[in-house]
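Single-letter residue listing:
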Amino acid sequence: MSSNPQVLTLAEPLPLECGGQLDGVQIAYHTYGTLNEARDNVIWVCHALTANSDVLSWWPGLFGTGDYFDPADWFIVCANVLGSCYGSTGPLTPVAPRNKPLYAAFPRLTVRDLVAAHEQLRQHLGLTRIHTVIGGSLGGQQAVEWAIQQPAVFEHLVLLATNAQHSPWGIAFNEAQRLAIQADCTYVGGGPEGGQLGLRAARAIALLSYRSYEAYGHSQAEADDELPTFHRASSYQQYQGDKLTARFNAYSYVTLSHIMDAHHVGRGRGGVAAALGRVQARTLVLGITSDVLFPPAEQQLLARHIPGAMYAEMESGYGHDGFLIETAQIAHFLERFYVQTFAH
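Residues numbered from 1 in each chain as written. Predicted model: local features only at pLDDT ≥ 70, side-chain atom pairs only at ≥ 80, totals over all residues. Heavy atoms only, no water.

Peer 1: Any chance you could explain the overall build of the protein chain here in plain terms?
Peer 2: Scanning the protein chain from N- to C-terminus turns up 12 helices and 10 strands. Expected size for 344 residues packed as a compact globule is a radius of gyration near 20 Å; at 20 Å, the protein chain falls within 12% of this value. Within the protein chain, the fraction of its 344 residues that count as buried is 55%. Put simply, of all contacts in the protein chain between residues at least 6 apart along the chain, 73% involve residues at least 24 apart. Of the roughly 14600 Å² of accessible surface on the protein chain, 54% is carried by carbon and sulfur atoms. The averaged location of the 30 negative side-chain charges in the protein chain is 8 Å from the averaged location of its 20 positive side-chain charges. (Helix = DSSP H or I, 4+ residues; strand = E, 2+ residues; numbered from the N terminus. Rg over C-alpha atoms; globule rule 2.2 N^0.38 Å. Buried < 20%, exposed > 50% of the residue type's maximum accessible area, 1.4 Å probe, protein only. Contact = heavy atoms within 4.5 Å. Areas by Shrake-Rupley, 256 points an atom, 1.4 Å probe, with all protein chains shown as cover. Lys, Arg positive; Asp, Glu negative; His and termini not counted. Charge placed at Lys NZ, Arg CZ, Asp CG, Glu CD.)

Peer 1: Just to check I follow, could you spell out the sheet that holds strand 7 (residues 130-136) for this structure?
Peer 2: What links the strands of a sheet is backbone hydrogen bonding, and the strands pair in either a parallel or an antiparallel sense. The strand order across the open sheet built from 8 strands is 1-4-6-5-7-8-9-10, with neighbouring strands paired in mixed fashion. Looking at the sheet topology across the chains shown, the edges are occupied by strand 1 (6-9) and strand 10 (310-314). This sheet shows a mean twist of 20 degrees between the axes of neighbouring strands, independent of strand direction. Where strand 7 and strand 8 (residues 154-160) come together, 6 bridges link them in parallel fashion. Across the sheet, residue Val133 finds its bridge partner in strand 8, namely Leu157. (Pairing = 2+ DSSP bridges. Axes fitted to C-alpha atoms, helices over the stretch in contact; angles between N-to-C directions.)

Peer 1: Is there a simple way to explain the domain arrangement of the protein chain in this structure?
Peer 2: A common way to report how large an interface is uses the accessible area buried once the components associate. Looking at the assigned domains, one finds that the protein chain contains domain 1 (6-167 + 268-343) and domain 2 (170-259). For domain 1 versus domain 2, the distance between C-alpha centres works out to 24 Å. On the domain 2 side, the residues contacting the 30 residues of domain 1 number 27 residues. Together, the buried faces of domain 1 and domain 2 total about 2400 Å²; carbon and sulfur atoms form 63% of this surface. Linking domain 1 with domain 2 are 1 salt bridge, by the criterion used here. (Domains from an automatic or database assignment. Buried area = accessible area lost by both parts, 1.4 Å probe. Salt bridge = Lys/Arg side-chain N within 4 Å of Asp/Glu carboxyl O.)

Peer 1: Hey, could you run me through the packing of aromatic side chains in this one?
Peer 2: Geometrically, a pair of aromatic rings is defined through the distance of the ring centres and the angle of the planes. Applying the stated rule across the entire model yields 16 aromatic pairs. Taking 5.0 Å as the distance between ring centres and 85 degrees as the angle between the ring planes, the aromatic pair formed by Trp44 and Trp146 counts as edge-to-face. Of this pair, Trp44 sits in strand 5 (residues 42-46) while Trp146 sits in helix 3 (residues 138-149), and the two are 102 residues apart along the sequence. With respect to class, Trp44 is no different from Trp146; both count as buried. On the numbers, 5.1 Å between centres and 85 degrees between planes, the contact of Tyr68 with Phe69 is edge-to-face. On the basis of relative accessible area, Tyr68 is assigned to the partly exposed category, the value being 22%. Linked through ring pairs, Trp58, Trp59, Phe63, Tyr68, Phe69, Trp74, Phe323, Phe337 and Tyr338 together constitute an aromatic cluster. (Phe/Tyr/Trp six-rings, centres within 6.5 Å; stacked < 30°, edge-to-face > 60°.)

Peer 1: What exactly am I supposed to notice about empty space enclosed by the protein here?
Peer 2: Over the atoms a probe the size of a water molecule is rolled, and this reveals where empty space is left. Counting across every chain of the model gives 1 cavity of 30 Å³ or more. Roughly 40 Å³ of volume is contained in the largest cavity. Along its surface, the largest cavity is lined by Thr110, Val111, Arg112, Glu145, Ala262, His263, His264, Val265 and Arg267. For the lining of the largest cavity, the class distribution of residues is 3 nonpolar, 3 polar and 3 charged. (1 Å grid on protein atoms, 1.4 Å probe; cavity = no way out; pocket = protein on both sides within 12 Å on 5 of 7 lines; lining within 4 Å. Points joined across faces, edges and corners; volume = space filled by probe spheres on them. Nonpolar A, V, L, I, M, F, W, Y, C, P; charged D, E, K, R; others polar.)

Peer 1: How should the environment of His118 be read in this particular structure?
Peer 2: Tracing the chain through its elements places His118 in helix 2 (residues 111-124). Sequence spacing of His118 and Leu324 is 206 residues, and the spatial spacing of their C-alpha atoms is 22 Å. Beyond its immediate stretch of four places on either side in the chain, His118 contacts Ile27, Trp44, Ala79, Asn80, Val81, Gln142 and Trp146.

Peer 1: I would appreciate a short explanation of the layout of surface pockets in the present structure.
Peer 2: Here the largest pocket defines a volume of roughly 790 Å³. Considering the residues around the largest pocket, the lining is formed by 33 residues, among which Thr50, Arg203, Arg247, Asp321 and Leu324 are closest to the centre. Mapped onto the lining of the largest pocket, the elements with two or more residues apiece are helix 1 (55-58), helix 4 (168-182), helix 5 (196-210), helix 7 (232-245) and helix 11 (322-325). For the lining of the largest pocket, the element with the most residues is helix 5, which contributes 5 residues. For the lining of the largest pocket, the per-class residue count stands at 18 nonpolar, 10 polar and 5 charged. Residues from two domains meet in the lining of the largest pocket; each of domain 1 (6-167 + 268-343) and domain 2 (170-259) gives at least three. The calculated volume of the second largest pocket comes to roughly 210 Å³. Surrounding the second largest pocket, Gln21, Leu22, Asp23, Gly24, Gln26, Thr89, Thr93, Pro94, Val95, Ala96 and Leu102 form its lining.

Peer 1: Explain a negative patch on the surface to me, please; I cannot follow it from the model alone.
Peer 2: On the surface, Glu222, Asp224, Asp225 and Glu226 cluster together into a negatively charged patch. Examined against the element boundaries, Glu226 turns out to sit in the loop between helix 6 (213-219) and helix 7. For Glu226, a relative accessible area of 60% corresponds to the exposed category. (Patch = residues over 30% accessible without salt bridge, like charges linked within 9 Å, V, L, I, M, F, W, Y side chains within 5 Å.)

Peer 1: Where do I start with the pairing of strand 10 in this structure?
Peer 2: Regular strands place side chains that alternate from one sheet face to the opposite one. The alternating pattern of strand 10 places Met310, Ala312 and Met314 on a buried face, while none of Tyr311 and Glu313, on the opposite face, is buried. Between strand 9 (residues 282-288) and its parallel partner strand 10, the chain crosses via helix 10 (residues 296-305), and the hand of that crossover is right-handed. (Right-handed = clockwise from strand over helix to strand, strands pointing away.)

In structure tokens, the structure reads:
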């Protein structure tokens, strides 16, 4: 991260949806810009799987000076999710009474637990209304869950490349990655660096769901017809695996993948359609034509059941990662969305 986050420590234990509780929960977060006198310029960003709370570092082109969401105009908040490794309580956080991390024994969390923690942060910051909550992938799962739980808080909801319930296809991809991590003999009992080789392999698996046939063909094709000693696509997979293991840990990766798998807005609410019908925020749902992990049909379902939602689809060869890359298209659709919203 390019700057150190602020940290909120919750005064009371956090009850968990799967049972039990987390004590001494810490939530790392960044804020940018200034809250205006009317307190109506808040943008809350929910980040994706391995991101952090410093949104200006990982969503350039959409957030930053001169970008669509400029801190000169907006008060921007982004908080690290529980289970991660960027300042919020996670598998490497020392816990009482032994003051040691739980590693693989860290409790099972759900998206609703992430929302519960960030709801306490919202209240701590005294933010009674959020102009826009925005998130893609896991961040979108959190954003839609939050908008269902607290419908009066959010004026606008922006969901990118996400869903109402994680699919069997997505769960299978996550399980394949977890199998790779758990096959690493250092995962259990290996300390903070446990499972790193498995995590490297897991990232290579994940990339196949994040990108597309077209993207690999465009960027990783061989330069000539000669017999290669090493394929460019192979080098790319290894490079991306090394890049993640340098900044992330296997225990957080497993924890967060389980959180995605458990995502289901309809659980205990009479089904997906009934749950999405509770959303009061003006909503924009964006799909990506080449996304094989969260295909557009999933975003179309969201838009169909969220009252008055606007749906748009981005043409992109980048697959699921398009929600991080296609910032010009996102800004274009945001402009259309806000114009339509203000017209109402």
